[in-house]
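# Coordinate inspection notes
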Amino acid sequence: VQGTGGSSAVSKCSAAARGYIHDRFLRLLAGRRRRRAPLIHRGYYIRARAVDHCVQDFLLKTQSLPRTQILSLGAGFDSLYFRLKDMGLLHHTVVYEVDFPNVACQKATLIKGMKELSALVGDTGEEGLGAITFSGGDYKLLGADLSELSELERILEEAGLNNEIPTLFIAEVVLTYMENPRSDALIQWAAEHFPQACFLLYEQVHPEDPFGRVMQQHFRQLNTALHSLVQYPDCEAQQRRFLGKGWTECSVMDMNEFFTCCIPEDEQQRVQTLEPFDEYEEWHLKCSHYFVLAASKGMEPPWTPLLPSVTVPRHAGPVGMAGSVPAAVCARLSGIPGLRRYGHHSVLIKPNVILTTGGFGEEDGQHCRMRNFHVLRKQAGYWEAVCVTQNIPDKRWGERLYHTVSCLSDTLALVVGGRTSPSSAGLGMLWLKFPTTCNDSGPDDVAAELVSLQPAAEAALLRWRHSTTEMTFKGEQYLFVYGGRSALEPVLGDWFFLHTPELSYTAIAVEGPVPESRHSHSACSWKGGVLIAGGLGAAEQPLGSVFFLRELDHGFRWETIETHPPLVPRYSHTAHVHEGKLLLVGGVWFHASSVPGVTVIDLMTGLCLDYVINVEHLEWPLMLHNHSSIFLPNEKELLVIGGGGNCFSFGTHLNPEPVLLSLSSIVVSH
C-alpha cells in the first residue's frame, strides 16, 4: 500500500512535465522521474483536478472565517500544501498530513533537505517529536496508521488539530485499502467529532464489469486489494454510506461526469490537444471507474462543490434491459494468439470465410501491432483458424489499426485508411488480392498492392476510425467513406463516393441536415444507402444519433431516424442490419451502471431495445470495444473477434478467444 503513493507521485510528476497540471513541487517530492503514457497523464490530470476543484472551493467558501484546517489522510508524497501555500491560499488554514510513519519520515527528510520546500514552510529547525515528523507554522506532517483510530486521535490532538473549527478531510485513494469496518469508523468519527466538517473522497467504483474485474485483479496482484468495492460497488452506495454515518449533505460524480460538467470547455480542449491521443475508450472507462465525493455537515451555507457548471442530459436510472443474449466461446478456437487483438478489421470474404487484418495484439507472447492476417473458416459446423502469409513487398501494410476492409469480389478487397501511431499521418489504400483458385477453405496467401490515386484524393483518405460502406447509385456500385479522424483533425464529418472497381471520385449531390462530425461510429448498407449510428463527437462526447443516407433520383438525402426510447449515446461498437432491424453490438457509453450489450433498433418504428449479454459461460472478462463482429444470418449468431485495450495502468486486456452471441431470441424471422 505504501508503494502506491510513490508510483502515483511519479505519474503526477510526469503529467506536470507535459503541462497537464501546473505544479512545480511534484518533481521535488516524487524522487525518481519516468515518462508515462498519454492515457496515464489524462488519468492523473482528472484526479488532481477533482481534488483541487473541491479543496479550492472549500477555501473560497470559508475565506471569511478566522480559522480553518485541512486534514489529508494517507497524503503520501503529495504536494498539496506547497501548492496552496505558493498560491497564497493558506492565510488562516493549517494543513495536517498523515501517512505511515516511515512514509512521513521520508517526506520530512525530503522537505528539510530542499531549500525550495523548507523555505515555504518556514522550517523551525526543530527536530520532529514522536509522531510529528515535521512541524511548521501552518503545516504538520504526522506518522500514524489510519486504521488505529484511537492512536490517530491522540496524535492529531498532540499536533494541535482543533475539533471546533471548519475542517476538510481529504482521502485520495486511501480508505479503500483499509478493511471496511475501519474505514467506516474513520468516516463516522470525523462526522461525530467535528461539528463543521467537509469530506473529500476519490477512489474506485464498479468492480464487477469487465474493466472493473481487470482493475481488481491488478490491485490484488500488487497485494493492495480494494476493500471498499465489495460493500460500496457504485456511487449511490458510497453516498448512502456517508449519509448513514453522520454526514448531512453528500454529492458524488464519476469522472466522466466531472470532466464534462465541472471543467470549463476551453480547459477541456487544452488538455485534449496536449499530446497525440487515440485511447478514448480506455480513458472513458477509467473515468467511469473512479468517482469524487463531497460530503459535509454543519456548514453554512452547505458545501456543494460538485454542482455542475453546465447541465448535461443524464440518463436517469439504469438502462432498462429487454432481455439477455447468451455468449459462448467458439469450440476449437481457444488459444490461437493471432485472434487476441483490438483495433483490427474482420470481413466475410465469402460464405464461411472471414479475413482479419491489422490491429494491436499478441504475437509470440509479445504485444505489438499485428502484421499477420488471419483466416477463420467454417467446416463441418465448426470454425477453425488458419494463419495466412502475406505477399507484401514492403512495410506498406504498415501494421495498421482502425482501418476498414471492403470486399468487392471473391478475389478482391480494398483497405482504406488506418494508422500506425496517432502522431503520424494516416495510411494509404491497399488492394488485397486472393488467388482465383481459392476454394471454400479460404486463401492460402494474400497479395497486397498499393492503390495510387491523385495526390489530393490520396490525402483526403488518410484517416482512421472512419467507415467505408458498400452502396449503390443508379444501379452502379460505390464505396461511401465517411467521418473518422486524422493526425491534424480530431474528428471529421466529410464523405466521399468512390466508384468501384476503378476507385474514381464521383461528386454526387447530398441534401438534408448534415450529421455532426464523428469517429468510431458504425455504418451499414441498407436499401442502397447507408445507416450511420453513434460515434464520438467533437468534444469527445458519445453521440446517440442515427442517420440514413437515402438514395433519391438525383443523389442522396440525410434523414434522421428517431429512436424511442432515445438510443443511449455510444461509440466503438459494431453494427449489422437484419430484416429491417439495426443491431448495435457493444461499444462504450457514459452510463456506468452497466456495459453496452446488443441494442436492436426497429428501422420502421424506431423502437429501441437493449439486451444485456449473459457472460456466465465465459471464464474471463468480455470487453466489447475495439472488437470486430460478423453476423451469420442462417445461424442467427454473431461471431465477435478480438476486442479490449490498455486498461489504464492496470495492464492490457485482450479477449482471449472469439465469442458467439446467439440472437435467436431477439431476431425473429418473419
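Residues numbered from 1 in each chain as written. Predicted model: local features only at pLDDT ≥ 70, side-chain atom pairs only at ≥ 80, totals over all residues. Heavy atoms only, no water.

In the annotation of an unreviewed UniProt entry, the entry for the chain reads tRNA wybutosine-synthesizing protein 4, and the organism field reads Sylvia borin. The chain has a UniProt comment under Pathway (unreviewed entry) that states "tRNA modification; wybutosine-tRNA(Phe) biosynthesis." The annotation that UniProt attaches to the chain under Sequence similarities (unreviewed entry) is "Belongs to the methyltransferase superfamily. LCMT family." (UniProt positions renumbered as here; feature names shortened; annotations may be inferred.)

## Examining the packing of helix α3 (residues 38-61) against helix α12 (residues 255-262)
Packed helices, taken two at a time, are described by the angle their axes make and the gap between the axes. Packing of α3 against α12 brings their axes to within 11 Å, and their N-to-C directions diverge by 65 degrees. α12 is crossed by α3, and the crossing has left-handed handedness. From α3, Tyr45, Ile46, Arg49, Ala50 and His53 reach across to α12, where they touch Met255, Phe258, Phe259 and Cys262. Looking at the contact of α3 with α12 residue by residue, the class counts come to 7 nonpolar, 1 polar and 1 charged. (Axes fitted to C-alpha atoms, helices over the stretch in contact; angles between N-to-C directions. Helix = DSSP H or I, 4+ residues; strand = E, 2+ residues; numbered from the N terminus. Left-handed = near helix turned anticlockwise from the far one by under 90°. Contact = heavy atoms within 4.5 Å. Nonpolar A, V, L, I, M, F, W, Y, C, P; charged D, E, K, R; others polar.)

## As for helix α7 (residues 149-159)
Along α7, the positions that sit buried rather than exposed are Leu152, Ile155, Leu156 and Ala159. The buried residues of α7 all sit within an arc of 100 degrees when viewed along its axis, so they share a single face. Summarising the geometry of α7, the exposed residues directed more than 90 degrees from the buried face are Ser150 and Glu157. Looking one or two residues beyond α7, the residue adopting positive phi is Gly160, at roughly 100 degrees. (Buried < 20%, exposed > 50% of the residue type's maximum accessible area, 1.4 Å probe, protein only. Arc of directions from axis to C-beta.)

## Describing the sheet that holds strand β7 (residues 249-254)
With mixed pairing, the 8 strands of this open sheet are ordered in space as β3-β4-β2-β1-β5-β6-β8-β7. The sheet terminates laterally at β3 (132-136) and β7, the two strands that pair on one side only. Across the sheet, the axes of successive neighbouring strands diverge by a mean angle of 10 degrees, strand direction being ignored. (Pairing = 2+ DSSP bridges.)

## What about the sheet that holds strand β23 (residues 495-499)?
In sheet architecture, strand pairing relies on hydrogen bonds along the backbone and comes in two forms, parallel and antiparallel. Spatial ordering of the open sheet is given by β21-β22-β23-β24, a layout of 4 strands whose pairing is antiparallel. Two strands lie at the open edges of the sheet, namely β21 (467-473) and β24 (504-506), each paired on one side alone. Within this sheet the neighbouring strands show an average axis-to-axis angle of 35 degrees, counted without direction. In terms of strand pairing, strand β22 (residues 476-482) meets β23 through 5 bridges, oriented antiparallel. The partner of Phe480 across the bridge, within β23, is Phe497.

## A few points about the nonpolar core
If you look at the biggest cluster of nonpolar residues, it comprises 80 residues, and the most contacted ones within it are Ile46, Val55, Phe82, Phe258 and Val292. Counting residues per element, this core draws most heavily on α3, which supplies 12 residues. Each of domain 1 (3-296) and domain 2 (321-662) contributes no fewer than three residues to this core. Ignoring anything within four residues of it in the chain, the contact list for Ile46 reads Tyr202, Met255, Phe258, Phe259, Ile263, Trp283, Lys286 and Cys287. With 37 residues, the next largest nonpolar core counts Leu161, Met178, Ala190 and Leu293 among its residues. (Core = buried A, V, L, I, M, F, W, Y, C linked by side-chain atoms within 4.5 Å. Domains from an automatic or database assignment.)

## So, the layout of surface pockets
It is a probe the size of a water molecule, rolled over the atoms, that shows where empty space is left. Volume-wise, the largest pocket comes out at about 1200 Å³. Within the residue set of the lining of the largest pocket, elements represented by two or more residues are β11 (345-350), β17 (404-409), β21, β26 (522-526), β30 (574-578) and β34 (628-632). (1 Å grid on protein atoms, 1.4 Å probe; cavity = no way out; pocket = protein on both sides within 12 Å on 5 of 7 lines; lining within 4 Å. Points joined across faces, edges and corners; volume = space filled by probe spheres on them.)

## Let's talk about the pattern of salt bridges
Applying the stated criterion to the full structure yields 33 salt bridges. Lys378 is the partner of Glu635 in a salt bridge, and the nearest nitrogen-oxygen pair spans 2.8 Å. One end of the pair, Glu635, is in the loop between β34 and β35 (637-641); the other, Lys378, is in strand β15 (residues 373-379), and 257 residues separate them in sequence. When its relative accessible area of 31% is taken as the criterion, Glu635 is described as partly exposed. When its relative accessible area of 16% is taken as the criterion, Lys378 is described as buried. A salt bridge links Glu511 to Arg557, with the shortest nitrogen-to-oxygen separation between them at 3.9 Å. Residue Glu511 is found in strand β25 (residues 509-511), and its partner Arg557 is found in strand β29 (residues 555-560); the two are separated by 46 residues along the sequence. Through salt bridges that share partners, Asp278, Glu281, Arg419, Arg465 and Arg485 make up one connected network. (Salt bridge = Lys/Arg side-chain N within 4 Å of Asp/Glu carboxyl O.)

## Looking at the pairing of β34
Regular strands place side chains that alternate from one sheet face to the opposite one. Taking burial as the measure, the 5 residues of β34 include 5 buried ones, the bulk of the element. Where burial is concerned, the two faces of β34 agree: the one with Ser628, Ile630 and Leu632 and the one with Ser629 and Phe631 are both buried. As defined by bridge partners, β34 adjoins β35 across 5 bridges and the pair is classed as antiparallel. Within β35, the residue paired with Ile630 across the bridge is Leu639.

## Section: the environment of Leu141
Counting through the fold element by element, Leu141 comes out in strand β4 (residues 139-143). Taking the C-alpha atoms as reference, Leu141 lies 37 Å from Asp266; in sequence the two are 125 residues apart. Those residues in contact with Leu141, other than ones at most four positions away along the chain, are Glu97, Ala104, Lys107, Ala108, Ile111, Ala131, Ile132, Thr133 and Phe134.

## A short note on the environment of Phe373
Locating Phe373 in the fold gives a position in strand β15. Looking at Phe373, the relative accessible area reads 0%, which means it is buried. Sequence spacing of Phe373 and Thr356 is 17 residues, and the spatial spacing of their C-alpha atoms is 5.8 Å.

## Some remarks on the side chain of Ser467
Counting through the fold element by element, Ser467 comes out in strand β21. Overall, Ser467 belongs to the buried group, its relative accessible area being 6%. Only 2.9 Å separates the side chain of Ser467 from the side chain of His521, close enough to count as a polar contact. When sequence neighbours within four positions are dropped, the list of residues in contact with Ser467 reads Thr404, Phe480, Val481, Tyr482, His521, Ala523 and Ile532. (Polar contact = N/O pair within 3.5 Å; in protein donor to acceptor, adjacent residues only side chain to side chain.)

## Topic: unusual backbone geometry
Cis peptide bonds are those with omega within 30 degrees of zero, and the linkage from Glu300 to Pro301 qualifies with -10 degrees. Examined against the element boundaries, Pro301 turns out to sit in the loop between β8 (290-297) and β9 (321-329). Despite not being glycine, Glu540 has its phi angle at roughly 60 degrees, a positive value. The buried category is assigned to Glu540, whose relative accessible area is 10%.

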